[in-house]
Structure formats: C-alpha cells, structure tokens
Amino acid sequence: MNSAAIGVFDSGIGGLTVMHALMRAVPAESLVYFGDTARVPYGPKSPDTVRRFARENVQLLLDRGVKMVVVACNTATAHALDYLRASFPIPVVGVIGPGARAAARATHSARVGVIGTYGTVSSDAYGRQLRALLAGVEVFSRACPLLVPLAEEGLLEHPATRLIAREYLEPFSEDGIDTLILGCTHYPLFKPLIAEILGPGMTLVDSAEETAREVQQVLGARGLGSATGRNGERRFLVSDLPGQFRRVGRTFLGEDPGDVEVVRAGEG
Ligand code: DGL
C-alpha cells in the first residue's frame, strides 16, 4: 500500500479526459495533473522534442513525490513511453497499449481505424501494438489535427465541426473498419458526432477509459493502491495560462478543476 499521488501529464488540457476517467476508476487515489500549456501542441513536433518534454514532465512529477506516472497524451506515449520506462524507476502507463488492446478485443472484421495527431499517426504506434496483438489485422490511420482546437473552443456540435469531421472520417467508410480508436486526448468529446457520422455498428474505443482500467490493474498488481480509505486529493499544475486551463478544462474534466498552479517544466 502506498498513499503517494499518481502523476498524470499531457501537453495541455486534453489529458483531463484521462484525469476524469481516473477520478471515477480509482477515486481513493490522489492525483497530480500537469498540463504543459506553455509548450502545447505536441502533435506536430518531432519525436526528439516530445521525448525531451516528456522526460522533463516526469521529472517534475517525481519531484512532487508521485508513485507512478500516467502519460495521458497520445503523442507523448507514441514517441516517449519506452524511453520513459527505461529512464525512471517508477511504473509509467501510457494510453496507446490500453486503447490497442480494447480495439483488438472489439473488432470482428480485423480492420481497425485510428485517428490521432500527425505525430501519433506517423509513429504508427497504434498500428504496431495492434499487429502484435492480432495477426492479420489491417490498420487504417488518419490524422485529424483540426479537431483539437475545435474541442478547445467548445465547438463540439457546431456545423463547421460537422463539416470537418465528415471530411476526416468519411474515407473510413471505404476501409470496411468496424472499430475506430479515438487516439487523441481531445476526441472523446466528439464521440456522439463521430458515432453519428460513422453510423451504427462502429465501436469507438476511448483510450481514456481503458487507461484508467490499466492503472487500476497496475496498482493492484504492484501493491501500490492508496490505503487512506477516503477520496484522494486532486492538484492541477500548468506551465502557462492557468485561467484558460480552468475555463476550458471544465468541459474536459466534467467539473471545475479549482485552483491551478503555474510551474516551470524543465526546472523541477
Ligand atoms: N494531447 C495530444 C494527444 O493526445 C493532443 C494535443 C497536442 O497536439 O498536443 O496526442
């Protein structure tokens, strides 16, 4: 048993979808969230740059005494998960393995779609995991970068969003997929719209929920669960613009994050 907090980081606000899932899956755990709002977005940045940011973010959380880290960002998971696991002595959970496992379980046609940032899609991280899990699976990946700012503007059902989402998603109808991985922190907010565009019979895999389940398992397997018996505390740290984080964060978290502290990533 260990009542230290779990650290969660993302490039910015989007990882609050993972935080939301964790708050429901492991309510007794204290959680420290770091959103790297000064350096967002990670999606279009090089693998080396994202790895450096990710290492600094984990160090920042370790300096605050966390027992485990959840990489809530798909792009950071794609480029840096193995590197982080090799560099730090605590368990590090990413969002791609859990999402790929859920998709491999869900698909009947062995044809799976993935949407994510340019970084996530070009890394083929979901594709590699899926092929390792399911022989013969065909993976169709498309970057949907404009959905990120639309989510942050709260334009979840706006006609412009519908138009853009159709443009991105309609090519999947040619691919014969029956499962689509929402491989970016922001996309779970568009679940109803994506379900409407792709029609019935399509399973949408939300990596946030699957990741929260993996955290639950890791805590159990390693005996790291909190022993306090009461609800955990939540802290929110950002590297810039705490007011905007709090305002926009409500939509992602499903509640007001409350106080948001500004810290400098890379300087502990
Ligand atoms: N958090 C990122 C992800 O899940 C999306 C936003 C960004 O590009 O930084 O890939």
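Residues numbered from 1 in each chain as written. Predicted model: local features only at pLDDT ≥ 70, side-chain atom pairs only at ≥ 80, totals over all residues. Heavy atoms only, no water.

Peer 1: Hey, could you run me through the site of the ligand in this one?
Peer 2: As a matter of local geometry, the ligand sits amid 13 residues, with Asp10, Ser11, Tyr42, Gly43 and Thr75 nearest to it. Burial of the ligand by the protein chains amounts to 98% of its free accessible area of 300 Å². A per-class count over the shell around the ligand returns 5 nonpolar, 7 polar and 1 charged. (Near = heavy atom within 4 Å. Areas by Shrake-Rupley, 256 points an atom, 1.4 Å probe, with all protein chains shown as cover. Nonpolar A, V, L, I, M, F, W, Y, C, P; charged D, E, K, R; others polar.)

Peer 1: What should I look at first to understand the packing of helix H1 (residues 16-25) against helix H10 (residues 207-221) in this one?
Peer 2: Two quantities define a packed helix pair, namely the angle between the helix axes and the distance between the axes. Interhelical geometry of H1 versus H10 gives an angle of 45° and a closest axis separation of 8 Å. With respect to H10, the element H1 is oriented oblique. The chirality of how H1 crosses H10 is right-handed. Mapping the contact onto sequence places Thr17, Val18, Ala21, Leu22, Arg24 and Ala25 in H1 and Ala208, Glu209, Thr211, Ala212, Val215 and Gln216 in H10. Classifying every residue of the contact of H1 with H10 gives 7 nonpolar, 3 polar and 2 charged. (Axes fitted to C-alpha atoms, helices over the stretch in contact; angles between N-to-C directions. Helix = DSSP H or I, 4+ residues; strand = E, 2+ residues; numbered from the N terminus. Parallel < 35°, antiparallel > 145°, perpendicular 65-115°, else oblique. Left-handed = near helix turned anticlockwise from the far one by under 90°. Contact = heavy atoms within 4.5 Å.)

Peer 1: What exactly am I supposed to notice about the state of the cysteines here?
Peer 2: Cysteine pairs can be covalently joined through their sulfur atoms, and such a bond is termed a disulfide. Under the definition given, this model contains 0 disulfides. Here Cys144 stays unpaired: no disulfide links it, and the sulfur of Cys184, its closest cysteine neighbor, is 8.8 Å away. The class for Cys144 is buried, based on a relative accessible area of 0%. Cys73 supplies the cysteine sulfur nearest to Cys184, a cysteine that is in no disulfide, at a spacing of 7.5 Å. Relative accessible area serves as the criterion here: at 6%, Cys184 is assigned to the buried category. (Disulfide = S-S within 2.5 Å. Buried < 20%, exposed > 50% of the residue type's maximum accessible area, 1.4 Å probe, protein only.)

Any link to function would need more than the numbers given here.
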